[in-house]
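Spelled out from the first residue to the last, the chains are:
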2 protein chains.
Amino acid sequence: MSIDLKLLHSGDRRTLAKAITLVESTNTNHQKEAQELIQKILPQTGKSFRIGISGTPGVGKSTFIEAFGKELTSRGLKIAVLAVDPTSPVSGGSILGDKTRMEELSQDSNAFIRPSPSSGSLGGVAFKTREALLLCEAAGFDVILVETVGVGQSEYEVADLVDYFTLLMLPGGGDELQGIKKGILELADIVIVNKADGANKQNAETTKNDYQNAFNLMAGHDESVVQVLSCSALEKSNIKEIADTVFSNLDELKKSGSLDKKRKEQNISWFKRLVDELLKKSLFSDKETAKLYNELSEKVGASKANPLDSAKQLIDKFLS
Amino acid sequence: MSIDLKLLHSGDRRTLAKAITLVESTNTNHQKEAQELIQKILPQTGKSFRIGISGTPGVGKSTFIEAFGKELTSRGLKIAVLAVDPTSPVSGGSILGDKTRMEELSQDSNAFIRPSPSSGSLGGVAFKTREALLLCEAAGFDVILVETVGVGQSEYEVADLVDYFTLLMLPGGGDELQGIKKGILELADIVIVNKADGANKQNAETTKNDYQNAFNLMAGHDESVVQVLSCSALEKSNIKEIADTVFSNLDELKKSGSLDKKRKEQNISWFKRLVDELLKKSLFSDKETAKLYNELSEKVGASKANPLDSAKQLIDKFLS
C-alpha cells in the first residue's frame, strides 16, 4: 500500500483515506509502512486546530458537528471529522458510521468525514485516531474535529489528542448528566447546552446559568473558568457565536504559548503511555510471569499478600 | 530491630512506634524485616475505618482532627492519626509535626499521633503511610485518620489508602478554593466547611448551600451526591453531627459490600502501581536506556519523532 506523499500533501481525499486505512491496518507490514509514513509527514503536521467534541448519546453530537462544521467551512476552513468510539471496538464504530446524519457536511468539498476505527492494539482506542489526525493535518486540513462518546477512559485519551475539549449537554437538571461521568466535566474547555429550541428554550437557559454558576464555584486555583453556552444545532442558532468563542479561546492559547506547551506534553504523554504498554506487554507475553501476576494480584486483592513484596517477586521473575 | 508481635497486637504504643520506624527505614535490612513484619500482621488488618482528611493550609485541619478525634475517643474508639505530606519529602513533614496543635488529643490515651514520614522511595509519598496504617490496625486501633495537604498527586494516593475522603473548606466563594485543585473535589466523599463561627457563621452557611447545589448538579451517573456540612472545629460545634454522618456513610458502605470491594481494588491498584514503578526503575537503572529515553522523549516532545516508533526502539534496547 504505497502512499503518494505529494498527493497526500495536496489534500487528495482518496490518498488521505488510503493513508488512514494503512495506519489502521493490523497487518504487520502495513504497520511498519504506517510508522514510516507518520515519521515522514511529521514536519507537515501541527498546523491545524484540534477540537474534541463529546457528550452522551442523544445529546445531538452529529447534528452539532454538522452545524458547527458548516459554519467553519463557510468561513473558508477545511475541516476533517474523526471519531473515537470505545463502545464498538470491533465493528468500526456506531458514531459517524451513519453519514446520512451529516448529510450537508458529507457533501461539502471542504469537509472530510472518517468513521471510528476499530481499537488499536497499542495506545488505547484513540491511538489510531491520533495518527489519522496527523495525516489530516499533512493533507492540509485547518480544523480537526474529534467526536467521542462521553462514557469513560476514551475521553481522557481524546483530551490528550486535542487542543480543546467541547462537552455537549442537554437542557435539564442533574438527571440529564446520566451517562456522563463526573470526571468528564473536568476535561471540558467549554460546555454547550444543545437543543435550546422549542419547548426546551427556557429550560436550556436555566441549565446554562446553573452550570455556569457551578463552574464558577468549582474553578480551582489558577484555572480559567469553563464557559457555558447554549445553542440549537437543529435550528443552527447560536452556532456562529460558539465558533467565535472557540476560536477566540484557541487563538489565545496559541498566542500565549500554552498550545505549544500542551502539545509537547501530550506528545510526551503518548510516548510514556506507549513505553508503559510495551513494557507490560513484554511482561505478559511471558506466560509464567503472566500466571504469577494473576496469582499475586488475587492474593494482594484478598489482603493475603503484601503489594510491595509481590511486585518485587514478579519483577525478579520477569527480569531473571 | 525486632518487633514483639504480641506487644504490637496488645496495642503497646512504643512497639507500634518502633514498628512504624522500621517500615519507614531506608536501610535495606530494615526494609526486608519490615516486609516480613507486614506479611505477618496482614491477617490482623482491615478491621478499622480509614478516613482521609484533606484541605488547603489554613483551613484548620489540625483543629478539626483534634475536635473530631476527641469526639471519637469519647465514643470509646481508639484512633490513630497519620499524615502524608508531599511538601516536605525530606525533613519528615510539617503537618502534624507540631503536636501542640493537637494538645488534647496528643494526651489522650486512646489516640496515637504519628507525624508524616519522609517520602518512600517506592510507591509514592503515601506508601509508607499505607504500611503504618496496617500496623495501627494490627495494634487494634478502630479508626485511622490520614491527614494530607490538598495540593496534588498525594491526594490521589491517599484516596487509594482510605475508605472515606473528607475535604475541609473555608467559608467564602470560589476564591477560597485557592490552593485546592479542582480534581480534588472529585475525590471527596464529604465536604466540610470549617470555621463556621463568629463573623463567618452566616458566610459558612451560604458557602455550604452553594456547594451543596453545585455538587447536586455535578453528580454523575450512578453516583451518590457528596454531602456538604459545616462546623466550627474551634468551638467544637456540629462535630458530633459530622461524626454521625461519616459513620452512617461508612456503615452503609460496609453493609452493602462496597467497602470490601473498594479495598480489594485499592490493594490491586497499589500492586499494579508498584509493578509499574519497579519496571520503570529497572528500565532507568540501565544508563544507556535511560539516556535513550531522554533523547527520544525530547524528540517526541518536539514532534521530531513518532511516539510509537520511539517507544518500540526504547523497549527493544531495554530488553535486548
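Here is what the cut-offs are and how they apply
- Residues numbered from 1 in each chain as written.
- Chains lettered and ligands numbered in written order.
- Predicted model: local features only at pLDDT ≥ 70, side-chain atom pairs only at ≥ 80, totals over all residues.
- Heavy atoms only, no water.
- Helix = DSSP H or I, 4+ residues; strand = E, 2+ residues; numbered from the N terminus.
- Buried < 20%, exposed > 50% of the residue type's maximum accessible area, 1.4 Å probe, protein only.
- Contact = heavy atoms within 4.5 Å.
- Areas by Shrake-Rupley, 256 points an atom, 1.4 Å probe, with all protein chains shown as cover.
- Least-squares fit on C-alpha atoms with pLDDT ≥ 70 in both.
- Pairing = 2+ DSSP bridges.
- Axes fitted to C-alpha atoms, helices over the stretch in contact; angles between N-to-C directions.
- Parallel < 35°, antiparallel > 145°, perpendicular 65-115°, else oblique.
- Left-handed = near helix turned anticlockwise from the far one by under 90°.
- Expected span 1.5 Å × (residues − 1).
- Arc of directions from axis to C-beta.
- Phe/Tyr/Trp six-rings, centres within 6.5 Å; stacked < 30°, edge-to-face > 60°.
- Lys NZ or Arg CZ within 6 Å of the ring centre and 35° of its normal.
- Salt bridge = Lys/Arg side-chain N within 4 Å of Asp/Glu carboxyl O.
- Polar contact = N/O pair within 3.5 Å; in protein donor to acceptor, adjacent residues only side chain to side chain.
- Domains from an automatic or database assignment.
- Buried area = accessible area lost by both parts, 1.4 Å probe.
- Nonpolar A, V, L, I, M, F, W, Y, C, P; charged D, E, K, R; others polar.
- pLDDT = per-residue confidence, 0-100.

Trainee: Looking at this model, I keep getting lost on the overall build of chain A. Mind explaining?
Mentor: If you tally the helices and strands in chain A, you get 13 helices and seven strands. The 320 residues of chain A split such that 56% are buried. Put simply, 74% of the contacts in chain A that link residues at least 6 apart link residues at least 24 apart. Only carbon and sulfur atoms are counted for the fraction: they give 48% of the accessible area of chain A, which is about 13600 Å².

Trainee: Please explain the relation of the copies chain A and chain B as it appears in this structure.
Mentor: Mapping one chain copy onto the other needs a rotation about an axis and a shift along that axis. Superposing chain A onto chain B takes a rotation of 180° plus a shift of 0.0 Å along the axis, which leaves an RMSD of 0.0 Å. Taken together, the rotation angle and the small translation identify this as a two-fold axis. Proximity to the rotation axis, assessed at the C-alpha, singles out Ala214 of chain A in chain A; its C-alpha lies 2.5 Å from the axis.

Trainee: How should the sheet that holds strand β5 (residues 164–169) of chain A be read in this particular structure?
Mentor: Whether parallel or antiparallel, the strands of a sheet pair through hydrogen bonds between backbone atoms. All names here are of chain A. Spatial ordering of the open sheet is given by β3-β2-β4-β1-β5-β6-β7, a layout of seven strands whose pairing is parallel. Looking along the sheet, the strands with just one partner apiece sit at the ends: β3 (111–113) and β7 (227–230). On average, each strand axis in the sheet is inclined to that of its neighbour by 20°, with strand direction left out of account.

Trainee: Explanation requested: the packing of helix α12 (residues 287–301) of chain A against helix α11 (residues 258–285) of chain B in the structure shown.
Mentor: Think of two packed helices as two axes; the pair is described by the angle between the axes and how far apart they sit. Relative to each other, α12 of chain A and α11 of chain B sit at 135°, their axes nearing to 8 Å. The orientation of α12 of chain A with respect to α11 of chain B, classified from their angle, is oblique. The interaxial crossing formed by α12 of chain A with α11 of chain B has right-handed handedness. Packed against α12 of chain A, whose contacting residues are Tyr293, Leu296, Ser297, Val300 and Gly301 of chain A, the element α11 of chain B presents Lys264, Asn267, Ile268, Phe271, Lys272 and Val275 of chain B at the interface.

Trainee: It is not clear to me how helix α3 (residues 28–41) of chain A should be interpreted in this structure. Could you clarify?
Mentor: For an α-helix, 3.6 residues make a turn, and residues three or four places apart therefore share a direction. All names here are of chain A. With 14 residues, α3 ought to run about 20 Å at 1.5 Å a step, and its terminal C-alpha atoms sit 20 Å apart, in line with that. When α3 is considered as a whole, its buried residues turn out to be Ala34, Gln35, Leu37, Ile38 and Ile41. Along α3, the residues classed as buried sweep out an arc of 160° about the axis, all on the same side. Among the exposed residues of α3, those oriented more than 90 degrees off its buried face are Thr28, Asn29, Lys32 and Lys40.

Trainee: Mind showing me how you'd approach the packing of aromatic side chains here?
Mentor: To describe a pair of aromatic rings, one takes the distance between the centres and the angle between the planes. A complete count under the given rule lists twelve aromatic pairs over all chains for this structure. Between Phe64 of chain A and Phe68 of chain A the ring centres are 5.3 Å apart and the planes differ by 15°, which places this aromatic pair in the stacked class. Here Phe68 of chain A and Phe64 of chain A lie together in helix α4 (residues 61–74), a separation of four residues that amounts to about one turn. Residues Phe64 of chain A and Phe68 of chain A agree in their burial class; the two are buried. Pairing Tyr293 of chain A with Phe271 of chain B gives two aromatic rings, centres 5.4 Å apart and planes at 35°, and the pair type is tilted. Separated into two different chains, Tyr293 of chain A in helix α12 and Phe271 of chain B in helix α11 make up a pair that spans both. Neither Tyr293 of chain A nor Phe271 of chain B differs from the other in exposure class; each is buried. An aromatic cluster is built from Phe271 of chain A together with Phe284 and Tyr293 of chain B, whose rings are joined through pairwise contacts. Here the guanidinium or amino end of Lys78 of chain A rests over the ring plane of Phe141 of chain A, the centre of that ring lying 4.6 Å away. Cation over ring: Arg273 of chain B sits above Trp270 of chain B, and NZ or CZ is 4.4 Å from the ring centre.

Trainee: Would you take a moment to explain the sheet that holds strand β7 (residues 227–230) of chain B for this structure?
Mentor: Residues and elements named next belong to chain B. In space, the seven strands of this open sheet follow the order β3-β2-β4-β1-β5-β6-β7, with parallel pairing throughout. Only two strands of the sheet have a single partner each, and these edge strands are β3 (111–113) and β7. Each strand axis lies, on average, 20° off the axis of its neighbour in the sheet, ignoring direction. As defined by bridge partners, strand β6 (residues 190–193) adjoins β7 across four bridges and the pair is classed as parallel. Note on β7: the bridge partner recorded for Val193 is Ser230. Most of the contacts of helix α6 (residues 127–138) go to strand β2 (residues 79–84), to which it runs at about 175°, and overall it touches β1 (49–55), β2, β3 and β4 (143–149).

Trainee: Got a minute to help me understand the interface of chain A and chain B in this structure?
Mentor: It is common to give the size of an interface as the accessible area that goes away when the parts come together. Taken residue by residue, the interface counts 62 residues in chain A and 62 residues in chain B. The interface formed by chain A and chain B holds two salt bridges in total. Across the pair Lys280 of chain A and Asp276 of chain B runs a salt bridge whose closest N-O atoms are separated by 3.5 Å. The interface formed by chain A and chain B includes 16 residue pairs in polar contact (both at pLDDT 80 or more). Breaking the side of chain A that touches chain B down by element, the ones donating at least two residues are α3, α6 (127–138), α8 (182–187), α9 (201–218), α11 (258–285), α12 and α13 (307–319) of chain A. Among the elements that line the side of chain A that touches chain B, the one with the most residues is α11 of chain A, at 14 residues.

Trainee: Would you mind showing me how to read the domain arrangement of chain A here?
Mentor: Residue and element names in this part refer to chain A. Partitioning chain A into domains gives domain 1 (45–256) and domain 2 (271–319). Tallying the contact residues gives seven residues for domain 1 and five residues for domain 2. Taken together, the two surfaces of domain 1 and domain 2 that pack against each other cover about 480 Å², and 57% of this comes from carbon and sulfur. At the junction of domain 1 with domain 2, the criterion picks out one salt bridge.

Trainee: Honestly, the packing of α12 of chain A against α13 of chain A in this entry has me stumped. Any pointers?
Mentor: All names here are of chain A. Viewed as axis vectors pointing N to C, α12 and α13 meet at an angle of 175°, and their least axial separation amounts to 10 Å. Judged on the interaxial angle alone, α13 and α12 are roughly antiparallel. Only Pro307, Ser310, Gln313, Leu314, Lys317 and Phe318 of α13 make contact with α12, whose side of the interface consists of Glu288, Thr289, Leu292, Tyr293, Leu296 and Val300. By residue class, the composition of the contact of α12 with α13 is seven nonpolar, three polar and two charged.

Trainee: When you look at the pattern of salt bridges in this model, what are you seeing that I'm missing?
Mentor: Oppositely charged side chains can pair when the atoms bearing their charge come close. Throughout the structure, instances matching the rule amount to 30 salt bridges over all chains. The salt bridge partner of Lys317 of chain A is Glu288 of chain A, with a shortest N-O separation of 3.0 Å. Residue Lys317 of chain A is found in helix α13, and its partner Glu288 of chain A is found in helix α12; the two are separated by 29 residues along the sequence. With relative accessibility at 53%, the residue Glu288 of chain A sits in the exposed group. Residue Lys70 of chain B pairs with Asp108 of chain B through a salt bridge whose shortest N-O separation is 3.0 Å. Within this pair, whereas Lys70 of chain B is found in helix α4 (residues 61–74), its partner Asp108 of chain B is found in the loop between α5 (103–106) and β3, the two being separated by 38 residues in sequence. Of the residues examined, Asp108 of chain B reaches a relative accessible area of 11% and is grouped as buried. The network of salt bridges with common partners includes Glu71, Arg75, Lys240 and Asp244 of chain A.

Trainee: I'm lost on the confidence of the model for chain A in this one. Help?
Mentor: Detailed reading of the predicted coordinates is not advisable wherever pLDDT is low. Residue and element names in this part refer to chain A. With 88% of its residues at a pLDDT of at least 70, chain A reaches an overall mean of 88. Highest mean pLDDT in chain A belongs to helix α10 (residues 239–256) (97); lowest belongs to α8 (77). Low pLDDT (under 50) marks residues 89–94, which in the prediction has 13 contacts with non-local residues, meaning those over four places away or in another chain. Model confidence for the complex: the whole-complex pTM is 0.83, and ipTM, which rates the interface, is 0.84.

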